[in-house]
Amino acid sequence: MKHKLFLLCALMLTLSSVIYAQQTKTVSGVITDANEVPLAGAQVKIIDKDIFSVTDFDGNFSLENVSVGDVFEVTYLGFASQQVTVSENDNYSIQLQEDAGQLDEVVVVGYGTQKKRDLTGSIATVDSEEIEKTPTANVMQSLQGKVSGVQIVSAGSPGDSPTVRVRGLGTFQDATNVLYVVDGVLYDNIDFLNTKDIKSINVLKDASSSAIYGVRAANGVVIIETKSGKKNQKPQFEYDGYTGIQRAQNVVKMANAEQFTTMAYESGSAPDVQFIMNAMQRYGRSRINPNVPAVNTDWYKEVMRDGFMQSHSIGVSGGAEKISYSVGTNYFEQEGILDMKNEYERFNIRSKIDVDLSDRFKAGVNSVFSNATKYTPENSAWFKAYFAVPIMPVMDPLNTDAAPIMYSNAQNLGYRATQNPFPDMEYNDNRQKIRKILASIYLQYEIIPDKLDFKTTYSHNLTAFEERYVDLPYTLGNNFEVISSIRRVNNTYSNQYWDNILTYDDEFGDHDITVMAGASYRDEATNEFNATGRDIAGISLESSWYLNFADPESFNNSVNEIGRRYYGISYFGRLAYNFKDKYLLYGTIRADGSSKFTKDPWGYFPSVGLGWVLSEENFLNNTEAIDFLKLRASWGKLGNDNVAASAGSNTIDVITVPFGDTQYTGTTATSVFSNNTWEVIEEKNFGLDLETFDSRLSINADYYIRDTKNAILPVYIPIVNTYVDRNSGTIRNQGLEFNAGWSQQVSDDFRFSIGANFTTLKNEATYIENEAGYIDSGSAEFRQRTQVGGPLFGFYGYERLGVYQNQQQIDNDPIAVANNLVPGDLIFNDRNGDGVIDDADRTILGSFLPDYTYGGNIGVNYKAFDFSMNFYGQGGNKILNRKRGEIIFTQDTNMDADLAINRWHGEGTTNEYPSSAGLRKAWNQKLSDFWVEDGDFFRIQNIQVGYTIESDALPYARVYMTAERPFTSFDYNGFSPEVPNGVDRQTYPIPSVYTVGLNIKI
């Protein structure tokens, strides 16, 4: 790492030596509107320099100390801004075009672009300024709270990608990733991208917008445009870097030694009391309270640390008469907050080059090389830190049988498990090497200038995963010993695409039409190999961490390899029609063929969108209160082949069974077919776009109904006692999305903006093709159920009515008497009123999907200072606190302080929590809303303060400080209410991040 940082610093020093090497001059000109009327008060500024002017009454301006190749930008309220590159010419005449709230801005859509004012679907845009505010390894994290209809669930572990859901959850399958389109190339993951390289992100939310991508778009589409150079622009060098720390927030408070001891005495368990006595005998008594052991370990405090983070990017962009280029590199490093070898390091090199081969013929190449190394955490440490008793130290000098480090062992006190998380952290080395080569090349020819062009693009995504998981040998005494082992995994992924697009674009009279037709071929291949060996010779040397150093006999039945290859071919077309800038029509059709489906390999997915710009009608176009008003409606279908392939033949499984003392390996065949076909998403969307108050206020609203038909669900086959995935259900997501924003330039020195978004979501299964009408998932003890009318994977259990407070209440309740309950036990709702608490009284307790999410932002610029703040929140979702609920398996462990403090310990103390003894009873351990908690939260997502250094003697420079997730408010008894699947067992905490950064442009 050090040598990489040295090279970065050396390069920065080299770049800084070329500052202002060119001669300067004075340029002048006049700014007018389309009718050549002078515009007084227009701002003219050299980009990234403190050189600016304001036009006088006649529209004249003058700029001093400028160089050939500098770019100045002209801005004026109500008009589209314009950038001009300084040439040898000293005088410029510039006409600005009217722009109603930037509605003529071009938005990237599937295989092309559209004007923002012409959109009929639901598309959200986030620009680079917002993206760069978030210090993160993954670009999508920067969208959290900024886009309605998009849920981003953060990942705390270094290098892990966040969970992204667009308009709910529409499939029962594991593969729910959105489709990422980066500069026209399709990806399933964008962990190779640097936030500094992004120009804009467009999220295609409805089926009409996404249908052009067919079967890849079922879970939503995110289109990313990276930064490019500009023709006739001198090279511009840029450095952007930040460094900072990550710190755990909302750390779960665990029961301390005194609280734990009190609960042990109250539990009625003689062994638990004896374990306390054993601890006092081994470690001594507390000087404050002699009835409590002297040791008082805060295990979460012990296993966590502050994690270091840094990022450094260097880039150069520019162009000549027939070429533009953008080249850059980025180094990113992130330490985890788990105190072990847990970190992520990534080095990227990218290039983007476009060349005019002739007046009609051009070509381009886009490439990224990404080399990352990730040391994954031993997540069981989080689980053990929750359960480890506080009366045991991290190190135990008395545990002389422990080696090579004398870690403590709870078994020495009488407990069943070792509990200490430190051996898991110390004696594991889990490394992943991730190498990606991503390249695309295109050729584009204008058959009819400015009307008809043909573009062919080939892209290849080659990814290699090399994974090594090493368990080092150790002993903790008490006959607990772990021998060494190594697991090697090598996976390669090769995805190739070849797209051919023909586009016709024309305007005549009141008509504006774009017609596109194309074909796409894809070839996706994977190879996965893994093997495990044990008892490594020379394990103390990393040079021995290979399979050939393992005991050869340990490889039996532990070597696996599998390969897959899928093909697809697609034909698609689009028509976009605009009449008088008032009536809009947008239609697409896509035919997809996939080798996954043997029964019906072809699917056909149409869409149509309509728009009506009411503000262009005579009855509204003279209304000063409305600058722009458009109604939208769309309908479309998407296919999903991101599911397991059809069997299409007998299913073959490799199994190993014991006969006597010998293991035998063989194969089994079953004749249960799963001739699946496409999951089909059908969506209706109704929207409104409004701009008013001189386009300072913008409002967007959408209502959608999104049905997944032919959903592939697990179907139980009694004759062979197995489940088979088949098209057998319908899933619905529906909701409302609302966005509003106000932006105003108050004066030359002061401008501000505020914005907010709000989203609702209702997720439910509307049809399940089986007799029961439901599908169970999760474990028997922590059941989740998908049933008609309920959400996918809903938590399924009992409702609490309170806690029995006294014996009279017990005696008056036949259910309590029949079950031998006592005060301090939970009261459950007898839903069917039959006087018995059984399975018939269980119900859906909630979903991990939120009922609503919201976000907002505030931005202020005053002279050289800038300030921004974003907030984000959600509500209505539930979290299964499984780590707390697993007391059902391990009753002699610690528990969180919330349980210890709020336990029932006498009449009137609580009507929500059971007693210490009650926690150990099966009655109270049933899955209920005691274990399923509210996941509502409010968070200040991001705060950034910056200062731009303005000096003629220095290059453009901006210093900034960022606080990411500095404050989160919630009631859930965990580190974070962000749990991807809603089940919190050993979830990596989401840290706060505090950084200081510098941006320099030369």
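Values in this document were obtained by computation on a predicted structure and should not be read as measured data. (Residues numbered from 1 in each chain as written. Predicted model: local features only at pLDDT ≥ 70, side-chain atom pairs only at ≥ 80, totals over all residues. Heavy atoms only, no water.)

Q: Can you help me understand the overall build of the protein in this one?
A: Each helix and strand counted, the protein has 12 helices and 52 strands in total. Against the globule reference of 30 Å for 1002 residues, the protein gives a C-alpha radius of gyration of 32 Å, in line with a compact fold. Taken along the three principal axes of its C-alpha coordinates, the protein extends 95 × 65 × 65 Å. Buried residues in the protein amount to 53% of all 1002 residues. Once local pairs closer than 6 in sequence are excluded, the contacts in the protein between residues at least 24 apart make up 69%. For the protein, the accessible surface area stands at approximately 43400 Å², while carbon and sulfur atoms represent 53% of it. In the protein, 86 side chains carry a positive charge and 126 a negative one; their mean positions are 2 Å apart. (Helix = DSSP H or I, 4+ residues; strand = E, 2+ residues; numbered from the N terminus. Rg over C-alpha atoms; globule rule 2.2 N^0.38 Å. Buried < 20%, exposed > 50% of the residue type's maximum accessible area, 1.4 Å probe, protein only. Contact = heavy atoms within 4.5 Å. Areas by Shrake-Rupley, 256 points an atom, 1.4 Å probe, with all protein chains shown as cover. Lys, Arg positive; Asp, Glu negative; His and termini not counted. Charge placed at Lys NZ, Arg CZ, Asp CG, Glu CD.)

Q: Is there a simple way to explain a negative patch on the surface in this structure?
A: Together, Asp505, Glu507, Asp510 and Asp581 line one region of the surface with negative charge. Mapped onto the secondary structure, glutamate 507 falls in strand E27 (residues 485-508). Take glutamate 507: its relative accessible area is 59%, and that puts it in the exposed class. (Patch = residues over 30% accessible without salt bridge, like charges linked within 9 Å, V, L, I, M, F, W, Y side chains within 5 Å. Salt bridge = Lys/Arg side-chain N within 4 Å of Asp/Glu carboxyl O.)

Q: Any chance you could explain the sheet that holds strand E45 (residues 843-846) here in plain terms?
A: Two strands in a sheet stick together by hydrogen bonds in their backbones, pointing the same way (parallel) or opposite ways (antiparallel). Taking strand neighbours across the sheet as the criterion, the 4 strands line up as E40-E41-E42-E45 in an open arrangement whose pairing is antiparallel. Of all strands in the sheet, those bounded by a partner on one side alone are strand E40 (774-778) and E45. Averaged over all neighbouring strand pairs, the angle between strand axes comes to 45°, with direction disregarded. (Pairing = 2+ DSSP bridges. Axes fitted to C-alpha atoms, helices over the stretch in contact; angles between N-to-C directions.)

Q: Mind showing me how you'd approach helix H4 (residues 257-266) here?
A: One full turn of an α-helix is made of 3.6 residues, so residues set three or four places apart face in the same direction. Along H4, the residues that are buried comprise Ala257, Phe260, Thr261, Met263 and Ala264. Viewed end-on, H4 has its buried residues packed into an arc of 165°, placing them on one side of the element. Packed against the buried residues of H4 are helix H5 (270-283) and helix H12 (897-902). (Arc of directions from axis to C-beta.)

Q: Hey, could you run me through the sheet that holds strand E22 (residues 402-403) in this one?
A: Spatially, the 3 strands line up as an open sheet ordered E22-E25-E26, and their pairing is antiparallel. In this open sheet, the two edge strands, each paired with only one partner strand, are E22 and strand E26 (480-482). Here strand E25 (residues 474-477) runs beside E26; their pairing, made up of 3 bridges, is antiparallel. Bridge assignment links tyrosine 474 to a residue of E26, and that residue is valine 482.

Q: Explain the nonpolar core here, please?
A: It is characteristic of soluble globular proteins that their nonpolar side chains tend to be buried jointly. Judged by nonpolar contacts, the single largest core of 51 residues is most densely connected at Tyr300, Val303, Met304, Leu338, Trp382, Ile391 and Tyr415. Within the residue set of this core, elements represented by two or more residues are H4, H5, helix H6 (299-303), helix H7 (380-387), helix H8 (422-426) and E25. At 6 residues, H7 tops the list of elements feeding residues into this core. Beyond its immediate stretch of four places on either side in the chain, leucine 338 contacts Val303, Arg305, Pro377, Glu378, Ala381, Trp382, Met425 and Tyr988. Phe172, Ile768, Phe795 and Phe828 belong to the second-largest nonpolar core, a separate cluster that totals 44 residues. (Core = buried A, V, L, I, M, F, W, Y, C linked by side-chain atoms within 4.5 Å.)

Q: What is the right way to read the environment of aspartate 512 from this model?
A: Positionally, aspartate 512 belongs in strand E28 (residues 511-534). The spatial distance from the C-alpha of aspartate 512 to the C-alpha of phenylalanine 579 is 6.4 Å, given a sequence separation of 67 residues. Aside from chain neighbours lying at most four places away, what touches aspartate 512 is Asp505, Asp506, Glu507, Ala576, Tyr577 and Asn578.

Q: Help me understand the pattern of salt bridges in this model?
A: Oppositely charged side chains can form a pair if their charged atoms are brought close together. Inspection of every chain in the model, using the stated rule, returns 61 salt bridges. With a closest N to O distance of 2.6 Å, lysine 436 and aspartate 191 form a salt bridge. Here the residue lysine 436 occupies a position in strand E23 (residues 428-448), and aspartate 191 occupies one in the loop between strand E14 (185-187) and strand E15 (198-204), the gap between them amounting to 245 residues. Both residues of the pair, lysine 436 and aspartate 191, belong to the buried class. Notably, a salt bridge pairs arginine 431 with glutamate 542, separated by 4.0 Å at the nearest N-O pair. Pair noted here: arginine 431 is in strand E23 and glutamate 542 is in the loop between E28 and strand E29 (559-579), with a separation of 111 residues, a long-range link.

Q: Would you mind showing me how to read the side chain of threonine 32 here?
A: With respect to the helices, strands and loops of the structure, threonine 32 is situated in strand E1 (residues 25-32). Here threonine 32 falls in the buried class, since its relative accessible area comes to 11%. Look past the residues within four positions of threonine 32 in its chain and what remains in contact with it is Val37, Pro38, Leu39, Ile94, Gln95 and Leu96.

Q: Looking at this structure, how should I read the pairing of strand E21 (residues 361-375)?
A: Successive side chains on a regular strand alternate, one facing one side of the sheet and the next facing the other. Judged from the 14 bridges that link them, strand E20 (residues 343-356) and E21 form a sheet pairing that is antiparallel. In the sheet register, isoleucine 349 faces E21, and the bridge partner there is phenylalanine 369. Where E20 hands over to E21, the hairpin turn is made up of 4 residues, counted between the paired strands. Strand direction decides the pairing type here: E21 and E23, joined by 15 bridges, are antiparallel. Its bridge partner lying in E23, threonine 373 is registered against lysine 433.

Q: Which parts of the structure should I look at to understand the packing of H4 against H5?
A: Angle between the axes and distance between the axes are the two parameters that describe a pair of packed helices. The interhelical angle for the contact between H4 and H5, taken along N-to-C directions, is 140°, at an axis separation of 8 Å. The residues of H5 that touch H4, namely those facing Phe260, Thr261, Ala264 and Tyr265, are Asp272, Val273, Ile276, Met277 and Met280. Taken together, the residues that form the contact of H4 with H5 break down as 7 nonpolar, 1 polar and 1 charged. (Nonpolar A, V, L, I, M, F, W, Y, C, P; charged D, E, K, R; others polar.)

Q: What's the story with the packing of aromatic side chains in this structure? I'm lost.
A: Any two aromatic rings considered together are summarised by their centre-to-centre distance and by the angle between their planes. By the definition in use, this model includes 35 aromatic pairs. Ring geometry for tyrosine 111 against phenylalanine 572: centres 4.5 Å apart, planes inclined by 15°, an arrangement best described as stacked. Taken together, the residues span a long stretch of sequence, with tyrosine 111 in the loop between strand E8 (106-109) and strand E9 (112-115) and phenylalanine 572 in strand E29 at a distance of 461 residues. Classification of tyrosine 111 as buried rests on a relative accessible area of 16%. We classify phenylalanine 572 as buried; its relative accessible area is 5%. In this structure, lysine 455 packs its charged tip against the face of tyrosine 442, placed 4.6 Å from the ring centre. When the ring centre of tyrosine 774 is taken as reference, the NZ or CZ atom of arginine 785 above it lies at 3.6 Å. (Phe/Tyr/Trp six-rings, centres within 6.5 Å; stacked < 30°, edge-to-face > 60°. Lys NZ or Arg CZ within 6 Å of the ring centre and 35° of its normal.)

Q: What is the right way to look at the environment of valine 394 in this model?
A: The topology assignment puts valine 394 in the loop between H7 and E22. Note: C-alpha distance between valine 394 and glycine 149 (245 residues apart in sequence) is 46 Å.

Q: Would you explain the side chain of aspartate 240 in this entry?
A: Along the chain, aspartate 240 falls in strand E17 (residues 233-247). Polar contacts involving the side chain of aspartate 240 include one to the side chain of tyrosine 960, which spans 3.2 Å. Excluding residues that lie within four positions of it along the chain, aspartate 240 makes contacts with Lys196, Ser311, His312, Ser313, Tyr960, Leu998 and Asn999. (Polar contact = N/O pair within 3.5 Å; in protein donor to acceptor, adjacent residues only side chain to side chain.)

Q: Hey, could you run me through unusual backbone geometry in this one?
A: Across residues other than glycine, the phi torsion is negative in most instances, and most of the peptide bonds are trans. The step from alanine 403 to proline 404 runs through a cis peptide bond, and the omega angle for that step is 0°. Within the element layout of this structure, proline 404 appears in the loop between E22 and H8. One non-glycine residue, asparagine 479, lies in the positive phi region at around 65°. Phi at aspartate 694 takes a positive value of approximately 55°, unusual for a residue other than glycine. Of note, aspartate 694 is situated in the loop between strand E35 (679-692) and strand E36 (697-717). In this structure aspartate 694 comes out as partly exposed when scored by relative accessible area, which is 49%.

Q: Sorry, what's going on with a nonpolar patch on the surface here?
A: Judged by side-chain polarity, Ile754, Ile858, Phe865, Phe867, Val945, Tyr947, Ile949, Leu954, Val959, Met961, Val996 and Leu998 come together as a nonpolar surface patch covering roughly 970 Å² of accessible area. Counting residues per element, the ones that place at least two in the nonpolar patch are strand E47 (865-875), strand E50 (937-949), strand E51 (956-970) and strand E52 (992-1001). If you trace the backbone, leucine 998 turns up in strand E52.

Q: Is there a simple way to explain the confidence of the model for the protein in this structure?
A: For any part of a model where pLDDT is low, the fine detail of the predicted coordinates should not be relied upon. Per-residue confidence for the protein gives a mean pLDDT of 90; residues scoring 70 or more make up 93%. Averaged pLDDT values for the elements of the protein fall to 42 in helix H1 (residues 2-16) and rise to 98 in strand E44 (residues 826-828). Here residues 1-22 is modelled with pLDDT under 50, and outside its nearest four sequence neighbours on either side it reaches 31 contacts, counting other chains as well. (pLDDT = per-residue confidence, 0-100.)

Q: I would appreciate a short explanation of H5 in the present structure.
A: With 14 residues, H5 extends 20 Å from end C-alpha to end C-alpha; this agrees with the ideal 20 Å at 1.5 Å per step. Burial in H5 covers these residues: Asp272, Phe275, Ile276, Ala279, Met280 and Tyr283. For H5, the buried positions fall inside an angular range of 140° around the axis, keeping them on one side. Of the residues in H5, the exposed ones pointing more than 90 degrees away from the buried face are Ala270 and Gln281. Along its buried surface, H5 packs onto H4. Taken from the residues just after H5, glycine 284 is the one with a positive phi, measuring 95°. (Expected span 1.5 Å × (residues − 1).)

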